[in-house]
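# Understanding the architecture of this molecule
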Amino acid sequence: MDPVSLGLLAALAGGAGGELGRDVWAGLTALVRRPFRRGEGDGAAPTVSTGEPELTRLSRDPDDQLSAQALSTALAVRAALDSDFHTALVDWLRQAQAVPTDEGAVHNTISGGTQHGPVLQGRDFSGLTFTSTPTRSPRSAGDDGHRDETSQ
C-alpha cells in the first residue's frame, strides 16, 4: 500500500473540506482507535505504533510536516501488519480523496518589478523551452499551404 499523502493528512487535520473533511478525519480517528490485530489469534501486543499518538500530535498542529510523516508511516506499518486495518484504510482513502483540499495547489505571486522575459505561472509544465526555435510538425514540413503548379 502506498503511504497516505502528507498533504491530505495535514489538510484534514486542519479542517479542510468543511463538514465532509471533518467526517473523514473522524473516520480516520475511529479507524486508528480500533484494536490492533497483528496476525490472526497471536494475541501479542503490538510492538509498533497504532497510529493514535501520531494522529493526536497532528490534530494539535496540522502544519507540522514531521507529525504528518509520522502518522503516514504508522498507518503504512499498521496496514502491513493488520489485514483488516489495511482493508479499512483503503476504504477510508477512497472517501478521503473526495474531500477538496489545497494539496497540489499552486499559489503564484508577482509583486512589483519589471520582467524581461517569459513569466509562467502554473503547475506541471513539461516540454517548454525558451532558447530554441520551434520544430515544425511533419505535416507542415515542406507544406506552406500553396500548390506548386509545376509539379502537376
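Residues numbered from 1 in each chain as written. Predicted model: local features only at pLDDT ≥ 70, side-chain atom pairs only at ≥ 80, totals over all residues. Heavy atoms only, no water.

## Side note on the overall build of the protein chain
Tallying secondary structure elements over the protein chain gives 5 helices and 0 strands in all. Going residue by residue from the N terminus, the α and β elements of the protein chain occur as α-α-α-α-α. Out of the 152 residues in the protein chain, the part that is buried amounts to 24%. Once local pairs closer than 6 in sequence are excluded, the contacts in the protein chain between residues at least 24 apart make up 64%. (Helix = DSSP H or I, 4+ residues; strand = E, 2+ residues; numbered from the N terminus. Buried < 20%, exposed > 50% of the residue type's maximum accessible area, 1.4 Å probe, protein only. Contact = heavy atoms within 4.5 Å.)

## Brief notes about the nonpolar core
Residues Leu-28, Leu-75, Leu-89 and Trp-92 are the most contacted members of the largest nonpolar core, which totals 23 residues. Looking at this core, the elements that each hand over two or more residues are helix H1 (6-13), helix H2 (18-33), helix H3 (52-60), helix H4 (65-81) and helix H5 (83-96). Broken down by element, the residue count for this core peaks at 6 residues, all from H5. Beyond its immediate stretch of four places on either side in the chain, Leu-89 contacts Met-1, Val-4, Leu-28, Leu-31, Leu-75 and Ala-79. (Core = buried A, V, L, I, M, F, W, Y, C linked by side-chain atoms within 4.5 Å.)

## Observations regarding the pattern of salt bridges
This structure, assessed with the given rule, holds 3 salt bridges. Salt-bridge contacts for Arg-33 lead to Glu-52; the nearest nitrogen and oxygen are separated by 3.0 Å. Here Arg-33, found in helix H2, pairs with Glu-52, found in helix H3; they are 19 residues apart in sequence, far enough to count as distant. When its relative accessible area of 30% is taken as the criterion, Glu-52 is described as partly exposed. Note that Arg-94 and Asp-91 form a salt bridge whose closest N and O atoms lie 2.8 Å from each other. With Arg-94 and Asp-91 both in helix H5 and 3 residues apart, the pair spans about one turn of that helix. For Asp-91, a relative accessible area of 38% corresponds to the partly exposed category. (Salt bridge = Lys/Arg side-chain N within 4 Å of Asp/Glu carboxyl O.)

## A short note on a nonpolar patch on the surface
A grouping of Leu-120, Phe-125 and Leu-128 is seen on the molecular surface, where their side chains present a nonpolar patch of about 300 Å² in accessible area. Counting through the fold element by element, Phe-125 comes out in the segment after H5. On the basis of relative accessible area, Phe-125 is assigned to the partly exposed category, the value being 46%. (Patch = residues over 30% accessible without salt bridge, like charges linked within 9 Å, V, L, I, M, F, W, Y side chains within 5 Å. Areas by Shrake-Rupley, 256 points an atom, 1.4 Å probe, with all protein chains shown as cover.)

## Considering the side chain of Ser-67
Among the secondary structure elements, Ser-67 is positioned in helix H4. By relative accessible area, Ser-67 is classed as buried at 6%. With residues up to four places along the chain from it excluded, the contact list for Ser-67 reads Glu-54, Arg-57 and Leu-58.

## Concerning H4
Taking 1.5 Å per residue as the helical rise, H4 with its 17 residues ought to reach 24 Å, and the 24 Å between its terminal C-alpha atoms agrees with that figure. Taken as a whole, H4 has its buried residues at Ser-67, Ala-68, Leu-71, Ser-72, Ala-74, Leu-75, Arg-78 and Ala-79. For H4, the buried positions fall inside an angular range of 160° around the axis, keeping them on one side. The exposed residues of H4 that point more than 90 degrees off its buried face are Leu-66 and Ala-80. Buried residues in H4 make contact with H1, H2, H3 and H5. With a side-chain oxygen lying 3.1 Å from the backbone nitrogen of Leu-66, the N-terminal cap of H4 falls on Asp-64. (Expected span 1.5 Å × (residues − 1). Arc of directions from axis to C-beta. Polar contact = N/O pair within 3.5 Å; in protein donor to acceptor, adjacent residues only side chain to side chain.)

## Here we look at the environment of Ser-72
Relative to the assigned elements, Ser-72 resides in helix H4. When the C-alpha positions of Ser-72 and Gly-51 are compared, they lie 8.5 Å apart, and in sequence the two are 21 residues distant. Within polar-contact distance, the side chain of Ser-72 engages the backbone oxygen of Val-4 at 2.8 Å.

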